Each structure stands twice: as C-alpha cells, then as structure tokens.
Amino acid sequence: MFRAVSRRLALLNAIVVLAVLATVGTATYFYLSQRIETEIDDELASRATAFAQLWATDFSGGASSAVTGERSSNAQRSPERDEDDHHDEEDDRAEELIRSGDTIAYGFSGDGQLIGDLRGIAVPGLPIQNSIETALSGKTTSETIEVDGDQIRVFSTPVIDEGEVIGAVQVGMGLGPSLEMLTFIRRATFGGLFLGAILALPSGLFLATRSMRPIRHAFERQQAFVADASHELRTPLTLIRAEAEYLQQTPSLTHAERRDGEQRIVDEVDSMTSLVGNLLLLARSDGSSVPLDKEPLDLSAVAAVAADRFEELAKVRGVSLMLAAGETVTVYADRRAIEQALNVLIDNALSYTPTGGTVEVTARRTPGAGELSVRDTGIGIESKDLDRIFERFYRADKARSRATGGAGLGLSIAKSLVTAHGGNVRVESRPGEGSMFTISLPTRSS
Ligand code: ADP
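Residues numbered from 1 in each chain as written. Predicted model: local features only at pLDDT ≥ 70, side-chain atom pairs only at ≥ 80, totals over all residues. Heavy atoms only, no water.

> Is there a simple way to explain the packing of aromatic side chains in this structure?
For any two aromatic rings, the description comes down to two numbers: the centre-to-centre distance and the angle of the planes. According to the stated counting rule, one finds five aromatic pairs in the structure shown. Here the aromatic rings of Phe-2 and Phe-219 are separated by 5.4 Å at their centres, their planes lie at 65 degrees, and the arrangement is edge-to-face. With a gap of 217 residues between them, Phe-2 in helix α1 (residues 2–54) and Phe-219 in helix α5 (residues 176–249) connect regions that are remote in the sequence. Of the residues examined, Phe-2 reaches a relative accessible area of 14% and is grouped as buried. When the ring of Phe-225 is compared with that of Phe-393, the centres are 5.7 Å apart and the planes differ by 45 degrees; the resulting orientation is tilted. Taken together, the residues span a long stretch of sequence, with Phe-225 in helix α5 and Phe-393 in the loop between α9 (383–386) and α10 (398–404) at a distance of 168 residues. As far as the burial class goes, Phe-225 and Phe-393 line up, both buried. If you follow Arg-392 out to its NZ or CZ, it ends over the ring of Phe-225, 4.9 Å from the centre. (Phe/Tyr/Trp six-rings, centres within 6.5 Å; stacked < 30°, edge-to-face > 60°. Helix = DSSP H or I, 4+ residues; strand = E, 2+ residues; numbered from the N terminus. Buried < 20%, exposed > 50% of the residue type's maximum accessible area, 1.4 Å probe, protein only. Lys NZ or Arg CZ within 6 Å of the ring centre and 35° of its normal.)

Rendered as structure tokens:
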C-alpha cells in the first residue's frame, strides 16, 4: 500500500517538476525574445533617424554620392551575373556582415531610387522593395527575414520633411548575436526537461519513500497495537466463556461453588474493563487529547496518599513500603493523572520485588522540576530491556509478568500521562539488585 502511494507521489512530483520547468523555460524564452525584439526595433529606429540625417541632402532625388563606390555598381544588380568567383566572395562578405550583427542601411529618394548604401555589400533579400514602397507611402514597418538560415530584423521608415515623404530609410541587423542567448535558453530548457525527466522520478520516489517512513512506522505500530489488544482481550473472554459454560452445564454444583464461579467471571470482567480503559487512554494520548485538569499539586502529598493506598498490599506481599516525602514539592499538574502514573510504578515495584524486599517512594525538588521516585530492591531489569519496557504490551519477563497479571501497558500509560504534562519518566536498574523509576514534572505551568 505504502509503495503504491510512494510511486503515485513520485509520479505527481515528476509531473509537477517538469510542468514548472517547461512553464518557466517557455515563459523566459518568450519574454526575452519579445524584449530583444523590442530593443532591436528601438535601436534600428534610432539608427534609421541617424541615417536619414546623414543622407538628408540626397533625398531630393537623383544619383548620390552616398552610395558606396563598390556597391554603386551593384545597386541595380544584374540577375545574370556570371562572375562566379566574385559572386562567392560577395556572398561570404554578406554572410559575415549578417552574422556580425552590424547595421545594414539603405536610403531611397522619394521616387524610389537608391541613394545610400552603408555597407556596399549585396545582401540577398535586401533591400525589401515592398517595405520601401510602404515606407514611401508613409508607413513604418518591422519584419524579420531569413537569409541562408540567418535571421535579419529589418526596419523601414519614411523620411518626412515638412509633412511630406521625401524618401525612405531601411535599416537591418543580423539577429545572430542576440539569438545566441535565446538559443541558450531554449537548450537549457530542453536540457532541464531532459534531466528533470531522468532525475525527477527516482529522486521523487526516494523522497516519497523517505517521508512515508514515519507514517509507515506509525501505521505498523498501530497495527501491532490492535493485534496485541485483541490478543489481550481474548484471554479474559475465553476464561469467561469457559467459566459460564461450566456453570451452565454443571447443575450439581453447590451454592458455594456456583458463587465462586460467578465471582471469577466478575473478576475477569473487571480485568477486561480496566484493560479497555487503559487502551482507551493510550488511544487518546496518541491523538494528543488526554484531558488534563491542571492545578498546583504537592507531590509529597501525592506520594503520601499512594503509599497509604498500597500499605495493605505491601504487607500481604511481605515487602516494606517506605515514604520519604517531607518538604512541599509543588508542580502544576492533573492530580488523577499523576496519581495513576505513580500507582503504576508502585504496583510494579511491589510485583517485581520478592518478599523481604523494600520499596521506597520519594518526592523531591530539583532545579525547575518536581520528582517522584519509586526505588525497589527487586529483580531489576536487563539493560537490553530498559529501552523497551515503555513500549506497549512489552514485558521483560513474559512468564513472570503474566503471572502478576500485567498486560505490559502500565509503563506506557505512565509515560503518556507524564509526557502530556511536558515531563518524563526515567529508569535506572541493575538485574538482581533493584530498580528506580523517576517521574519528573516541570514546576512552571506550560
Ligand atoms: P506490566 O503490566 O507487565 O507490569 P508494565 O508496562 O508496567 O507492564 O511493565 C513492563 C515490563 O517492565 C514488565 O513486564 C516488567 O518486565 C518490567 N518492569 C516494570 N517495572 C519493573 C520493576 N520495578 N522491576 C523489574 N521489572 C519491572
């Protein structure tokens, strides 16, 4: 399930990455090409004005000195030129001129005669007669033509004197150098798309799998929790059913025997009720919704009440229960929650301490915190189990703890209750010597 979700996320990620790359690349390309075009047109317009001034005296008509010597013979170019060498040389020069991005300019008199040619090189396709005619009719035009794969931007504009069109100027410029930038952007966009297509999917899959990991772990923990809870609930249910069937099918039972059987059923139901209560508490703490009714709470008083409550049980177990709580240790906490957590620790200490041992409950103040400790001289806990005893349903010594009736939920409940207060529970223990569990609660309200 998680694999399928990761794959879908990765695919979505790849599509988004490629779409963003394509959009940004295309937008940049079009924006820049528009800008370059506008800038070139502005530049050509200002050059056209300069050439109009340069050739100002020639616009009145007739042959002109402005036509460059070499070009003058080519101005009216014969279509059947047969000097091949010269032709090739001329083409090379034209190509060079276009690629250099230098200005090419022509001036025309009012009757359409060429009166100026800046470069004197025959550039195929130039001047554009149609645009000259349009300019002579008073209109300005801009266009891009292609000559042997190279683009030339051409600007044609009328030369007006005292409101009358007296000639026209056509200015052109090879776009090569300006287009290099656009070509670069186009290549970068395609390169980016190509790289993106190759990298986005595996990297997306890697990231999705990584970010799914905590969710997967939480889900697995939840699954294990449900499985363990069902297992724990099945045991009392089986016992109840067996007991009830026995009572039902054995009419010969004495009144006392029947009453004992019924009591066992009631006990099992009680144990189930407490288990279900604990499960509910843990489920709530998972959703961070343990309802806390915080108030100023004296931990010494809490310790005294708990020691009092367990006094009888300690006697029955032959364990001496001692209290070391004198000074007032005030924290801001929910009384019932802290009592419940402390009960877990004392109950465990009494359960895992053999007859003749000691359990000591202490309340003390430390800088910034109030602490409740339960120290016992019991069986202790192996270091390999120390990290795990706060896990749900974890029992260090399975056989023994089952006999004590614990489901392995006590410490995880105590920890949830204490951490909900911003505190923590820590443990120190040596196998065969005993353990000390400490609840630490912040003294400041949070
Ligand atoms: P349980 O219901 O089994 O007592 P807990 O969550 O309270 O569950 O404790 C988890 C395990 O930690 C116990 O099964 C036991 O193995 C170990 N443990 C807890 N307290 C003590 C202690 N005071 N001395 C030795 N072992 C302990």
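Here the narrative resumes, following the displayed structure.
> How should the layout of surface pockets be read in this particular structure?
Picture a little ball the size of a water molecule; that probe, rolled over the atoms, points out where space is still empty. Space inside the second largest pocket adds up to approximately 530 Å³. What lines the second largest pocket is a set of 21 residues, among which Arg-221, Phe-390, Glu-391, Arg-392 and Ser-412 lie closest to the centre. Elements with a contribution of two residues or more to the lining of the second largest pocket: α5, α6 (255–286) and α11 (410–419). Element by element, the count of residues in the lining of the second largest pocket is highest for α5, at six residues. (1 Å grid on protein atoms, 1.4 Å probe; cavity = no way out; pocket = protein on both sides within 12 Å on 5 of 7 lines; lining within 4 Å. Points joined across faces, edges and corners; volume = space filled by probe spheres on them.)

> Sorry if this is basic, but what is going on with the sheet that holds strand β11 (residues 424–430) here?
To summarise the sheet geometry, strands pair through backbone hydrogen bonds and adopt either a parallel or an antiparallel arrangement. Sheet architecture is open: five strands sit in the order β7-β9-β10-β12-β11, paired in mixed fashion. Of all the strands in the sheet, the pair left with one neighbour each is β7 (320–324) and β11. Averaged over all neighbouring strand pairs, the angle between strand axes comes to 15 degrees, with direction disregarded. Note: β11 against strand β12 (residues 434–442), seven bridges, orientation antiparallel. (Pairing = 2+ DSSP bridges. Axes fitted to C-alpha atoms, helices over the stretch in contact; angles between N-to-C directions.)

> Just to check I follow, could you spell out the site of the ligand for this structure?
Of all residues adjacent to the ligand, which total 21 residues, the nearest are Asn-348, Asp-376, Ala-396, Gly-406 and Leu-411. Within the backbone of Leu-411, one N or O atom sits 2.8 Å away from an oxygen atom of the ligand. A total of 530 Å² of accessible area belongs to the ligand in isolation, and the protein chains cover 96% of it. Of all the secondary structure elements, the ones that give two or more residues to the shell around the ligand are α8 (335–351), α11 and β12. Of the residues contributing to the shell around the ligand, the split by class is eleven nonpolar, seven polar and three charged. (Near = heavy atom within 4 Å. Polar contact = N/O pair within 3.5 Å; in protein donor to acceptor, adjacent residues only side chain to side chain. Areas by Shrake-Rupley, 256 points an atom, 1.4 Å probe, with all protein chains shown as cover. Nonpolar A, V, L, I, M, F, W, Y, C, P; charged D, E, K, R; others polar.)

Keep in mind these values describe shape, not function.
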